[in-house]
Each structure stands twice: as C-alpha cells, then as structure tokens.
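An overview of the molecular structure
Spelled out from the first residue to the last, the chains are:
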Amino acid sequence: VRSADREQFLYFAATGNTPEILRRCSNLFEQFIEVPGRADIKSVMRKYHAKAACRSGSGSAVYGIFTDLATAESCAQEVKDITNDVFVCRPVESAVIFEN
C-alpha cells in the first residue's frame, strides 16, 4: 500500500516546487475503490505526456495536468471516446472564469 507523504507535499506546495508537487500527485482511494474508465482515462493522459494524471477525491473525476493547451485538447478528444464528460480547464489567478 502506497500513501502520499502529506508533509513533503505541503512543503513543496508552499515553496512552489511544481515538479515535486506533480511527482507526488496520488490518491490512496485508487487502491481500494474502482471507478469505471479510470485506468483507461489515465492511460490516455500518460500517452499524451501528462505531467500528472490522478483521480480527484473519492473519484468524481480524473484529471491530467499538461504544459500546453494543444496537448490537453488533443488528449481530451481521445478521452471523449471513453466518456462524454470531458473538460479542458486552465488556471487563473483568482476566482472562476467561464468561457463559451
């Protein structure tokens, strides 16, 4: 059983060490609760070289972190073969921005 090192993760988050944060993205629930399509979605994300591919919380979503929008969009198109609920998001400095 593998568990995330919470203190190290928080330290790297506080110091802005993105490569170490991404290396530690994990979810302990993946070892115990299966979500349909999760493994296939993560496989596609790894194929597109996601910097991290992980399940959120108790499994309502699987997310990938990419360095460029074009790659994220290409990955999203392939993931749509597995599930229709696919969204490409980007970080913003504050609040939430909805784009059509």
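Residues numbered from 1 in each chain as written. Predicted model: local features only at pLDDT ≥ 70, side-chain atom pairs only at ≥ 80, totals over all residues. Heavy atoms only, no water.

1. A word on the overall build of the chain
Quick reminder of the rule: Numbered from the N terminus, helices here are DSSP runs of H or I no shorter than four residues, and strands are runs of E no shorter than two. Burial status follows relative accessibility: with a 1.4 Å probe on protein chains alone, a residue under 20% of its type maximum counts as buried, one over 50% as exposed, and anything between as partly exposed.
Across its full length, the chain holds 4 helices and 2 strands. Helices (α) and strands (β) of the chain occur, in sequence order from the N terminus, as α-α-α-β-β-α. Projecting the C-alpha coordinates of the chain onto the three principal axes gives extents of approximately 35 × 35 × 25 Å. Relative to its 100 residues, the chain shows a buried fraction of 25%.

2. Remarks on helix H4 (residues 69-79)
The condition is simple: By construction, the arc corresponds to the directions joining the helix axis to the C-beta atoms. Pairs of residues are marked as contacts when any of their non-hydrogen atoms sit within 4.5 Å. Here a polar contact is taken to be a pair of N or O atoms separated by no more than 3.5 Å, where protein atoms must pair a possible hydrogen donor with a possible acceptor and residues adjacent in sequence count only if both atoms sit in side chains.
For H4, every residue scored as buried is listed here: Ala72, Cys75, Ala76 and Val79. Projected onto a plane normal to the axis of H4, the buried residues spread over an arc of 105 degrees and lie on a single side. Buried residues along H4 sit in contact with helix H3 (38-47). The N-cap residue of H4 is aspartate 68: its side-chain oxygen and the backbone nitrogen of alanine 70 are 3.4 Å apart.

3. Description of the packing of H3 against H4
Where we set the bar: Every axis in this analysis is a line fitted to C-alpha atoms, fitted for helices over the stretch in contact. Angles between the N-to-C directions lie between 0 and 180 degrees. Geometric relationships in this document are graded by angle, where less than 35 degrees denotes roughly parallel, more than 145 denotes roughly antiparallel, 65 to 115 denotes roughly perpendicular, and other angles denote oblique. Left-handed is the label given to a crossing in which the near helix is rotated counterclockwise from the far helix by less than a right angle, and right-handed is the label when the rotation is clockwise. Three categories are distinguished: nonpolar for Ala, Val, Leu, Ile, Met, Phe, Trp, Tyr, Cys and Pro, charged for Asp, Glu, Lys and Arg, and polar for the others, with Gly belonging to the last.
At a closest axis distance of 9 Å, the pairing of H3 and H4 adopts a crossing angle of 150 degrees. On the basis of their axis angle, the class for H3 and H4 is roughly antiparallel. Here the hand of the crossing between H3 and H4 comes out right-handed. Within the contact between the two elements, H3 uses Ile41, Val44, Met45 and Lys47 and H4 uses Cys75, Glu78 and Val79. Its residues assigned to classes, the contact of H3 with H4 shows 5 nonpolar, no polar and 2 charged.

4. Remarks on the environment of cysteine 89
Counting through the fold element by element, cysteine 89 comes out in the segment after H4. Sequence separation between cysteine 89 and glycine 64 is 25 residues; the distance between their C-alpha atoms is 10 Å.

5. Here we look at a nonpolar patch on the surface
Selection criterion: The patches reported here contain residues having more than 30% relative accessible area and no salt bridge. Joining distances are 9 Å for like charges and 5 Å for nonpolar side chains (Val, Leu, Ile, Met, Phe, Trp, Tyr). Method for areas: the Shrake-Rupley scheme with a 1.4 Å probe, in which residue coverage is limited to the protein chains shown. Each reported salt bridge corresponds to a side-chain nitrogen of Lys or Arg within 4 Å of a carboxyl oxygen of Asp or Glu.
On the surface, Leu28, Phe29, Phe32 and Ile33 cluster together into a nonpolar patch covering about 390 Å² of accessible area. Inspection of the secondary structure assignment puts phenylalanine 29 in the loop between helix H2 (18-23) and H3. Judged by its relative accessible area of 40%, phenylalanine 29 is partly exposed.

So far we have only geometry, and geometry alone does not tell us how the molecule works.
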